[in-house]
Structure formats: C-alpha cells, structure tokens
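Chain residues, written in single-letter form:
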Amino acid sequence: QVQLVESGGGLVQAGGSLRLSCAASGRTFRTYTMGWFRQVPGKEREFVAAIRWNPGFVDYADSVKDRFTISTDTAKNTVYLQMNSLEREDTAVYYCAAGSRGWSTRSAQTKYDYWGQGNQVTVSS
C-alpha cells in the first residue's frame, strides 16, 4: 500500500507563499490520482487540487485557482502544492491523499484510499 508523509506547513503572512510536500512510500503513485484537501474546525474537508501523472490531468478548486499549483516529482515520488498569494481564508489543516478511483471522482474525499497525517497552514495579516 501507499504511505504518505507530509511536510512544509507553517505560519505565513497574507500575500506570502508556502510549499507543501507529500512523499509517498510503498507503491508508486504514478498510477493514482493524487489530491490535496483542507479542513478547518466545524467544516467538512474540502477539495483543493488534484493531479494524475498519467495522462497528466490537473484540477483546482475555484477558490485556489491561479494561486496554487500542484505538481509531481516522479523521481522523488513526491507531490507538491505551491501556494502563492495566500489569504486568511486559506488557513486550514492540509491533507494529501492518493486514490485509485477514476479521475471523475477527484474532488470527492471519500473516494481516496490513502491519506497523509495533516499539515497546519496558518495565514496571518
């Protein structure tokens, strides 16, 4: 199975940037959909971005489109989420995930099989 280890969270000022990493061990994620989700207290976990190495699909939630970039480094078996122009509303615990289901379910957290431990991102003004 796939093991996911996240890193890169922290405290940043509004307008700043941060990059999250999600390193996979075990089975390669090249055949999986890799996603980023985020969650704040009292709210459901929400979709942020997803990528599928083959054939190279990417997708973003409207709230982060044009600010966040999801990418992969297949040699390092790692998925990244580059977050620019951060806003207070981006404050959340960010989770990476891997799923073997089809691309059409990329935004549904219940369709993912493996999850990282969570990574706190706090944006201050």
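To be clear, the structure that these remarks concern was listed above.
(A) The arrangement of the pattern of salt bridges in detail. All chains considered together, the criterion is met by five salt bridges. Note that R38 and D90 form a salt bridge whose closest N and O atoms lie 2.9 Å from each other. With R38 in strand β4 (residues 33-39) and D90 in the loop between β8 (78-83) and β9 (92-99), this residue pair connects regions lying 52 residues apart in the sequence. Taking relative accessible area as the criterion, R38 reaches 6% and is therefore assigned buried. Given the relative accessible area of 1%, D90 is considered buried.

(B) The arrangement of the state of the cysteines in detail. For the structure on display, the rule yields one disulfide. Here C22 connects covalently by a disulfide to C96, the sulfurs 2.1 Å from one another. Between C22 and C96 the sulfur-sulfur dihedral comes to about 60 degrees; the bridge is accordingly right-handed. Of the two residues, C22 is situated in strand β3 (residues 18-26) and C96 in strand β9; the sequence distance between them amounts to 74 residues. When sorted by exposure, C22 lands in the same class as C96, which is buried.

(C) View of the packing of aromatic side chains. Within this structure, the stated rule accounts for seven aromatic pairs. An angle of 80 degrees between the planes, with centres 5.1 Å apart, marks the rings of F37 and Y112 as edge-to-face. Separated by 75 residues along the polypeptide, F37 in strand β4 and Y112 in the loop between β9 and β10 (114-115) bring together distant segments of the chain. Ring-pair connections join several aromatic residues into one group, and the members of that group are F37, F47, Y95, Y112 and W115. Above the ring of Y95, the side-chain terminus of R45 is found at 3.8 Å from the ring centroid. The residue whose ring lies beneath R45 is W115, and the NZ or CZ to ring-centre distance is 4.8 Å.

(D) Seen up close, the nonpolar core. Grouped together as the largest cluster of nonpolar side chains are 35 residues, with contacts concentrated most on L4, W36, L81, M83 and Y94. Counting only elements with at least two residues in this core, the list comes to β1 (2-7), β3, β4, β5 (46-52), β7 (68-73), β8, β9 and β11 (119-124). M83 has contacts with G16, S17, L18, L20, R67, F68, Y94 and V121, leaving out every residue within four places of it along the chain.

(E) View of the pairing of β11. The side-chain alternation of β11 yields one buried face, formed by N119, V121 and V123, and one unburied face, formed by Q120, T122 and S124. In the sheet, β9 pairs with β11 via three bridges, with the strands oriented antiparallel. When the sheet's bridge partners are listed, A92 is paired in β11 with V121.

(F) Looking closely at the side chain of E6. Tracing the sequence through the fold places E6 in strand β1. The charged side chain of E6 is buried without a salt bridge, its nearest counter-charge being R45 at 7.8 Å. A polar contact is formed between the side chain of E6 and the backbone nitrogen of C96, at a distance of 3.0 Å. A distance of 3.2 Å separates a polar atom in the side chain of E6 from the backbone nitrogen of G118. Contact partners of E6, with chain neighbours within four places excluded, come to S21, C22, W36, Y94, Y95, C96, G116, Q117, G118 and N119.

What counts and how
For every chain, the first residue of the written sequence is number 1, and numbering continues from 1 along that sequence. Under the rules for a predicted model, residues below a pLDDT of 70 receive no local features and side-chain atom pairs below 80 are neither given nor counted, while totals for whole chains, interfaces and linings still include all residues. As a rule here, side-chain values come from all non-hydrogen atoms in the structure, and water together with hydrogens is ignored. We define a salt bridge as a side-chain nitrogen of Lys or Arg found within 4 Å of a carboxyl oxygen belonging to Asp or Glu. Secondary structure follows DSSP: runs of H or I at least 4 residues long count as helices, runs of E at least 2 residues long count as strands, and numbering of each begins at the N terminus. Three labels apply to residues, based on accessible area from a 1.4 Å probe with only protein chains included: buried if under 20% of the type maximum, exposed if over 50%, partly exposed otherwise in between. The disulfide criterion used throughout: a pair of cysteine sulfur atoms within 2.5 Å. Centres within 6.5 Å are what make two rings of Phe, Tyr or Trp a pair, Trp counting through its six-membered ring; a difference in plane orientation under 30 degrees is then read as stacked, over 60 as edge-to-face, and the rest as tilted. Any Lys NZ or Arg CZ that is within 6 Å of a ring centre and within 35 degrees of that ring's normal is treated as a charge sitting over the ring. We call a set of buried Ala, Val, Leu, Ile, Met, Phe, Trp, Tyr and Cys residues a nonpolar core when their side-chain atoms join them within 4.5 Å. In this analysis, two residues are considered to be in contact whenever any of their non-hydrogen atoms come within 4.5 Å of each other. Strand pairing is defined by DSSP finding a minimum of two bridges between the two strands. None of His or the chain ends enter the tally, which takes Lys and Arg as positive and Asp and Glu as negative. In the analysis that follows, any N or O atom pair within 3.5 Å is treated as a polar contact, provided that within protein one partner can donate a hydrogen and the other can accept it, and provided that, for residues neighboring in sequence, both atoms belong to side chains.

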